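# Coordinate inspection notes
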Amino acid sequence: MRVALFVTCLADTLFPDVGKATVRLLERLGHQVEFPQAQTCCGQMHTNSGYLRDALPLVRHFTEVFAGCAAIVVPSGSCTGSVRHQHAMVARRFGDEALARRAGQLAARTWELSEFLTDVLGLDDVGAYYPHRVTYHPTCHSLRLLRVADRPLRLLRNVAGLDLVELPDAEVCCGFGGTFAVKNADVSTAMLADKMRSVLATGAEVCTAGDSSCLMHIGGGLSRLRAGTRTVHLAEILASTRD
Amino acid sequence: MASPIPTAPRGVGHLRGEEPFPVAARRALADPQLRRNLARATSTIRGKRAAVVAELPDWEQLRTAGQAIKAHTLRHLDGYLTELERQVTARGGTVHWAADASAANQIVTGLVTATGAGEVVKVKSIVTDEIGLNEALAQAGVHAIETDLAELIVQLGRDRPSHILVPAIHRNRAEIRDIFLREMPGVDPGLTDSPAALAEAARRYLRRAFLSAQVGISGANFAIAETGTLCVVESEGNGRMCLTLPETLITVMGIEKLIPCWRDLEVFLQLLPRSSTGERMNPYTSMWTGVTPGDGPQAFHLVLLDNGRTATLADPAGRQALHCIRCSACLNVCPVYERTGGHAYGSVYPGPIGAVLSPQLTGVSDNASLPFASSLCGACYDACPVKIDIPSVLVHLRAREVAAAGHAHPEAITMAAASWVMASPARWAAAQHASRLGRVLGRAGRIRRLPPPLSGWTAARDAPAPPAQTFRQWWQAERGGAAGGRRAGRTRRQWWRAERRGRQ
């Protein structure tokens with residue numbers, strides 16, 4: 001099927017490998033990936049920071065860019081959550097009922113990567129190979145906004161060579177929270193310290209998740225400590241093969 | 001235009017902190033004893049709550065029912081409040097209306113001094129703490145004795161409550177023993193820190209107060225409009241003493257605490273104990289209706305408090321904060337609260353519910369940092385027994401604060417600029433290109449120090465250096481977009497073509 005990739009502004013700019021891996025994975029599974037090049041950002045940072053008026057043009061832009069797409073795949077639980085749970089709200093707040101309706105229709109065709117693989121494609125095994133000890137952090141928005149539940153874990157359990165270790169207190173926030181990490185940097189750091197303690201306790205080489213933002217946070221902390229554990233996006237693991 | 005609905009006044013009560021949340025939080029985070037006490041206590045309550053909630057197959061339906069009853073009550077609040085007044089009055093009680101904290105303090109102080117009592121016993125009540133009633137009574141020469149064990153610890157320690165349900169959650173046993181030894185009249189100097197010994201010391205101290213008190217003061221968990229019945233749930237029995245022994249009982253209650261009828265109580269008496277203490281049912285549920293001759297208090301006064309609640313009710317997106325039944329489940333699951341404790345919030349309502357309630361009661365500008373004291377992780381919404389969508393209200397209040405702050409400060413300018421850039425693909429691509437200048441800051445793909453405001457990030461975390469090529473540039477190069485990466489793209493395209501052939 002034809003799949004439109006919304007790569008997210010963060011992966012586009014700072015983590016292009018996540019986008020490349022998503023393309024590689026979906027094409028390996030036999031699908032045609034398109035990248036609407038006019039795409040920019042879903043506006044989540046503006047919305048969650050209270051700048052709803054500044055989010056509105058981004059919601060409108062997103063809705064126009066992806067209007068003709070039958071299926072939109074996003075390698076981020078957080079940005080999918082923004083499209084699904086915030087776009088119509090932002091439009092409605094400024095009285096644009098037509099935009100809210102279009103945003104609502106688009107939200108129904110937008111999937112986070114693990115949702116798309118398991119629910120739309122019906123796959124738990126994507127034929128990946130990744131010979132590493134890995135622990136999985138369920139990001140807050142994929143867990144509590146999207147309710148992805150065990151979908152990413154089902155996918156990871158079927159990756160050949162992968163040694164999956166359970167993360168203690170997995171469902172506790174890593175402390176990222178967008179501008180929270182800057183505005184409340186001390187609290188955010190305290191939350192990060194506990195998350196890193198849990199990650200390191202697993203003895204994993206790799207901590208994975210479905211959001212580049214949370215991985216940037218956890219990975220930034222681990223890197224500062226020279227902890228020897230790195231962060232890798234779920235898409236990159238699922239895209240890996242033996243060759 | 002009508003004048004704005006008044007919010008809780010300044011200078012009275014405890015709804016505002018002296019410092020913004022991040023500043024107060026920094027101090028709390030540096031206290032290892034506090035961190036340890038909070039982590040232990042919240043994880044214990046979390047575990048108990050999860051176990052008893054899992055027992056009920058209809059928990060989600062109960063939550064939905066609780067939400068629906070509260071929404072219905074607030075929609076018809078005017079009618080139910082006057083019904084409550086009629087019923088309480090018909091059964092021998094007296095109803096007083098207090099527009100704000102000062103009015104409520106004046107009413108209660110007047111009622112107490114009229115009895116000639118120099119001492120009152122108090123049931124644990126957050127609303128009386130909200131209005132600063134103990135201070136107001138003290139100014140009138142009346143000593144208020146907190147009879148809930150944790151409230152007593154806080155009072156003797158000249159401290160502030162830090163949790164809705166467990167006000168002394170920030171104290172451990174050893175600290176409590178020290179407070180008792182220092183402050184409790186007549187305490188056994190050999191007191192140990194065993195829970196039984198501490199409880200026995202409090203029991204002896206309080207018994208005298210219960211038996212001599214002429215006036216009891218309480219809050220209310222619920223008021224039932226159809227009969228004028230008040231309800232207090234508690235664990236220690238001190239509440240039952242205060243509600244039955246004194247001749248005069250004064251109850252202070254926020255106007256949002258009432259429910260239409262007895263049947264509704266069935267829902268909340270299941271939701272509240274399981275969510276708050278993690279018990280199937282709390283040990284003491286006291287209910288009283290007006291005055292019963294010869295049994296219990298012979299004078300009953302009900303003070304109905306607004307103090308910013310009508311202003312909260314006027315905001316369609318924010319009013320659900322008034323659904324709160326003060327169970328504190330959201331505090332116990334909040335990763336921010338667990339690390340900072342309640343004092344950092346500066347209000348008697350801490351944690352996630354406090355971050356949405358306090359700014360609405362006071363007006364957002366008086367608690368401007370609280371809506372931002374959350375990572376929006378959503379754990380509070382999942383735990384809330386009446387389904388208050390706290391993350392959405394937080395975002396809504398952030399928007400109110402941003403709108404009030406205007407367009408001229410640096411963050412607003414940055415946000416507007418980012419929106420302008422991101423609304424256009426050409427401007428966005430140009431900005432991405434410019435951001436690659438950041439590569440000079442990086443070493444081995446990592447940036448160790450950034451200027452303010454991003455210095456908060458790099459104080460404890462590395463930041464990724466921008467890569468040599470954005471995804472968009474890669475796509476253009478690989479998939480025949482614009483010129484620039486063509487030469488490199490050809491070989492990649494060949495690779496893709498080969499891979500596709502290989503699959504067929």
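Within each chain, residues carry numbers counting from 1 in the order of the written sequence. Chain letters start at A and ligand numbers start at 1, both assigned in the order the entries are written. Restriction of local features to residues with pLDDT of at least 70 applies here, the model being predicted, together with a cutoff of 80 or more for giving and counting side-chain atom pairs; totals for whole chains, interfaces and linings are based on all residues.

On to the overall build of chain A. Under the DSSP-based scheme used, a helix requires at least four consecutive residues in state H or I and a strand at least two consecutive residues in state E, with every element numbered from the N terminus. Helices and strands together make up the secondary structure of chain A, namely 14 helices and eight strands. Seen through its C-alpha atoms, chain A measures out along the principal axes to roughly 50 × 45 × 25 Å. Here the C-beta atoms are placed from the backbone, and a residue counts as buried if at least 20 other C-beta atoms lie within 10 Å of its own, exposed if 12 or fewer do, and partly exposed otherwise. For chain A, the residues scored as buried account for 63% of the 243 residues in total. Placing C-beta atoms from the backbone, we regard two residues as in contact once those atoms come within 7 Å. Looking at chain A alone, contacts between residues at least 24 apart form 77% of all its contacts between residues at least 6 apart.

All names here are of chain A. Segmentation of the chain into domains, including their bounds, is taken from an automatic or database domain assignment. You can read the domains of chain A as domain 1 (2–120) and domain 2 (133–239). Here the C-alpha centroids of domain 1 and domain 2 sit 22 Å apart. Taken together, the contact pairs 26 residues of domain 1 with 22 residues of domain 2. Going through the elements one at a time, α1 (9–13), α2 (16–28), α3 (44–48), α5 (77–85) and α8 (113–120) are the ones with two or more residues in the side of domain 1 that touches domain 2. It is α2 that contributes the most residues to the side of domain 1 that touches domain 2, six residues altogether. Per-class residue counts for the side of domain 1 that touches domain 2 are 10 nonpolar, 12 polar and four charged. Three classes are used: nonpolar for Ala, Val, Leu, Ile, Met, Phe, Trp, Tyr, Cys and Pro, charged for Asp, Glu, Lys and Arg, and polar for all others, with Gly counted as polar.

Further remarks concern the sheet that holds strand β5 (residues 222–224) of chain B. Residue and element names in this part refer to chain B. Here four strands make up an open sheet; going across it, the order is β8-β5-β6-β9 and the pairing mixed. Both outer strands of the open sheet, β8 (258–259) and β9 (284–289), are each paired with one neighbouring strand and no more. Here the axes come from fitting lines to C-alpha atoms, over the contacting stretch only for helices, and the angles between their N-to-C directions go from 0 to 180 degrees. Relative to the sheet, helix α12 (residues 262–276) contacts β5, β6 (229–234), β8 and β9, its axis offset from that of β5 by approximately 170°. Note: two strands are recorded as paired if DSSP finds a minimum of 2 bridges between them.

What follows is about the packing of helix α3 (residues 59–75) of chain B against α12 of chain B. Residue and element names in this part refer to chain B. It is at 10 Å that the axes of α3 and α12 come closest, and there the two elements cross at 125°. With respect to α12, the element α3 is oriented oblique. As α3 runs across α12, the sense of the crossing is left-handed. On α12, the residues touching Leu 62, Ala 65, Gly 66 and Ile 69 of α3 are Asp 264, Val 267, Phe 268, Gln 270 and Leu 271. Residues of the contact of α3 with α12, tallied by class, amount to six nonpolar, two polar and one charged. Roughly parallel refers to an angle under 35 degrees, roughly antiparallel to one over 145, roughly perpendicular to one between 65 and 115, and oblique to any angle outside these ranges. Definitions for this section: a left-handed crossing has its near helix turned counterclockwise from the far helix by less than a right angle. A right-handed crossing has that turn clockwise.

Along an α-helix, a turn takes 3.6 residues, which lines up residues three or four apart on a common side. The buried fraction of α5 of chain A is high, at eight of nine residues. Within the span of α5 of chain A, buried status applies to Gly 77, Ser 78, Cys 79, Thr 80, Gly 81, Ser 82, Val 83 and Arg 84 of chain A.

All right, on to unusual backbone geometry then. When glycine is set aside, most residues are seen to have a negative phi, and most peptide bonds are trans. All names here are of chain B. The omega angle of the peptide bond from Pro 452 to Pro 453 is 5°, so this bond is cis rather than trans. Looking at the secondary structure, you find Pro 453 in the loop between β11 (446–447) and α21 (455–458). Backbone geometry places Asn 307, a non-glycine residue, at a positive phi of 50°. Note that Asn 307 resides in the loop between β10 (299–305) and α13 (309–313).

This part takes up the interface of chain B and chain A. Taken together, the contact between chain B and chain A spans 50 residues of the former and 51 residues of the latter. Within the residue set of the side of chain B that touches chain A, elements represented by two or more residues are α1 (21–29), α15 (335–340), α18 (390–405), α19 (410–422), α20 (425–435), α21, β12 (463–464) and α22 (471–479) of chain B. The element best represented in the side of chain B that touches chain A is α18 of chain B, accounting for five residues. Residues of the side of chain B that touches chain A, tallied by class, amount to 30 nonpolar, 11 polar and nine charged.

This next bit is on the sheet that holds strand β4 (residues 110–112) of chain A. All names here are of chain A. Reading across from one edge, β2-β1-β3-β4 is the order of the four strands in this open sheet, with parallel pairing throughout. A strand with exactly one partner marks an edge of an open sheet, and here the two such strands are β2 (32–34) and β4. Looking at each pair of strands side by side, their axes are set apart by 35° on average, direction ignored. Two elements, strand β3 (residues 72–74) and β4, share three bridges in a ladder whose sense is parallel. Looking at β4, one finds that Ile 72 is bridged to Thr 110. Its contacts with the sheet put α2 on β1 (2–5), β2 and β3, and the angle it makes with β1 is roughly 175°.

We now examine the nonpolar core. In this structure, Val 303, Leu 305, Cys 330 and Ile 390 of chain B are the most contacted members of the largest nonpolar core, which totals 214 residues. Leaving out residues up to four positions away in the same chain, Cys 330 of chain B has contacts with Gly 351, Pro 352, Ile 353, Cys 380, Ala 383, Cys 384 and Ile 390 of chain B. The term nonpolar core refers to a group of buried residues, namely Ala, Val, Leu, Ile, Met, Phe, Trp, Tyr and Cys, whose C-beta atoms join them within 7 Å.

When the domains of chain B are assigned, the result is domain 1 (21–311), domain 2 (414–467) and domain 3 (469–504). A straight line from the C-alpha centre of domain 1 of chain B to that of domain 2 of chain B covers 50 Å.

Considering the arrangement of structural elements, one finds Asn 48 of chain A in helix α3. Separated by 152 residues in the primary sequence, Asn 48 of chain A and Leu 200 of chain A place their C-alpha atoms 30 Å from one another. When residues no more than four places from it in sequence are discounted, the contact partners of Asn 48 of chain A are Gly 178 of chain A together with Leu 376 and Val 395 of chain B.

Let us now look at the packing of helix α4 (residues 52–65) of chain A against α19 of chain B. It is the contact of α4 of chain A with α19 of chain B, at a shortest axis distance of 9 Å, that shows an interaxial angle of 10°. By the angle between their directions, the pair α4 of chain A and α19 of chain B is classed as roughly parallel. For the pair α4 of chain A and α19 of chain B, the contacting residues are Asp 54, Pro 57 and Leu 58 of chain A in the first and Met 415, Ala 416, Ser 419 and Met 422 of chain B in the second. Of the residues assigned to the contact of α4 of chain A with α19 of chain B, the class counts are five nonpolar, one polar and one charged.

Our next topic: α8 of chain A. All names here are of chain A. Of all eight residues making up α8, six are buried, and the element is well covered by its neighbours. Among the residues of α8, Leu 113, Ser 114, Glu 115, Phe 116, Leu 117 and Thr 118 are the ones counted as buried. The first or second residue beyond α8 is Gly 122, which carries a positive phi of 70°.

Turning our eyes to something else, we now look at the environment of Gly 175 of chain A. Within the secondary structure layout, Gly 175 of chain A lies in the loop between β6 (163–165) and α11 (180–183). What makes Gly 175 of chain A buried here is the crowd of 30 C-beta atoms within 10 Å. Considering only alpha carbons, one finds Gly 175 of chain A and Cys 214 of chain A, 39 residues apart in sequence, at a separation of 8.2 Å. Not counting residues within four places of it along the chain, the set of residues in contact with Gly 175 of chain A comprises Ala 181, Ser 188, Thr 189, Met 191, Leu 192, Lys 195 and His 217 of chain A together with Ser 375 of chain B.

Right, let's talk about the pairing of β1 of chain A for a bit. Here is the key point about a regular strand: its side chains alternate between the two faces of the sheet. Residue and element names in this part refer to chain A. Where β1 and β2 come together, three bridges link them in parallel fashion. Residue pairing in the sheet places Val 3 in a bridge with Val 33 of β2. Note that β1 and β3 share two bridges and pair parallel. Note that in β3 the partner of Ala 4 across the bridge is Ile 72.

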